[in-house]
Amino acid sequence: MAAPSVEDRLMINDVFVRYTTALDAGDVETIVGCFTEDGALESPTIGIYAGREGIREFALRFARFRERGSQLRHFISNLAVQVDGNEARATCYLLTVITRGGRTELMAPGRYDCLLAKVAGEWLFKHRLVVLDHEVTLDGI
C-alpha cells in the first residue's frame, strides 16, 4: 500500500469525521451511508454488525441511547492512511467521553482500525474494528 493522494486522504478523513459526529448526533442514515453495502462494524463493547441493515440496527441502538438523555463525544486523532487503488487501510486513535445523569466520564481509549473501499468515487468503510485499551460496558444501549 502506498501513501494516499491529498484528495484521497481528505476524503478518508471526512468519512471518519462524518461517522463519529453522526454517531454522537444519533444520525442513523449518515452512519449507514458511511459503509459499503456489505460493510461491517466490530466492537468488543457492542459486538458485530454486518451489511447496511446490521449497521442501521447498530445506529438505531446508539440513537436510543442518546434519546434517553446520554451524550457521547468521539474524538479521533493521529489518522494514518495507506491506499492501494480503490482500497485503503486507515487507523486513528479514539477517545470517547460520555455524559449521563449529570456526570461526564472518559471511556477507555483505543483506536479504529479500518478497511475502506472507494465506491463510485466515495470512500466508505468496508470493515471497522474498534480496539480498546481495556474492557468497557455501555449500560443503556
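Throughout this description, residue numbers start from 1 for each chain and increase along the sequence as written. Totals for whole chains, interfaces and linings use every residue, but because this is a predicted model, local features are given only for residues with pLDDT of at least 70 and side-chain atom pairs only at 80 or more, for both listing and counting. Hydrogen atoms and water are omitted, and side-chain values are computed over all heavy atoms in the structure.

Asker: Hey, could you run me through the environment of glutamine 82 in this one?
Answerer: Comment: elements are numbered from the N terminus, with helices defined as DSSP H or I runs of at least four residues and strands as E runs of at least two. When you line up the elements, glutamine 82 lands in strand β3 (residues 71–84). In this scheme, a residue with accessible area under 20% of its type's maximum is buried, one over 50% is exposed, and one in between is partly exposed, where area comes from a 1.4 Å probe on protein chains only. Exposure remark for glutamine 82: the relative accessible area of 40% places this residue in the partly exposed category. On a C-alpha basis, the gap between glutamine 82 and glycine 69 in space is 38 Å, while along the polypeptide they are 13 residues apart.

Asker: What is the right way to read the environment of glycine 102 from this model?
Answerer: Following the sequence through the fold, glycine 102 ends up in the loop between β4 (87–100) and β5 (103–106). Judged by its relative accessible area of 77%, glycine 102 is exposed.

Asker: How should I be thinking about a nonpolar patch on the surface in this particular structure?
Answerer: Residues forming no salt bridge and having over 30% relative accessible area are the ones grouped into patches, like charges within 9 Å of each other and nonpolar side chains (Val, Leu, Ile, Met, Phe, Trp, Tyr) within 5 Å. For accessible areas, the Shrake-Rupley method is used with a probe of radius 1.4 Å. Any residue's cover is judged against the shown protein chains and nothing else. For this document, the term salt bridge refers to a Lys or Arg side-chain nitrogen within 4 Å of an Asp or Glu carboxyl oxygen. Residues Phe75, Leu95 and Leu106 make up a contiguous nonpolar surface patch of about 300 Å² in total accessible area. When you line up the elements, phenylalanine 75 lands in strand β3.

Asker: Even after reading the chapter, I still don't get the pairing of strand β2 (residues 47–50), so can you show me in this structure?
Answerer: On any regular strand, side chains alternate: one points to one face of the sheet, the next to the other face. As judged from the four bridges shared by strand β1 (residues 35–43) and β2, these two strands associate in the antiparallel manner. Residue pairing across strands places glutamate 42 opposite isoleucine 48, the latter belonging to β2. With antiparallel pairing between neighbouring strands as the criterion, β1 and β2 make up a hairpin whose turn holds three residues. Any two strands are treated as partners once DSSP identifies two or more bridges connecting them.

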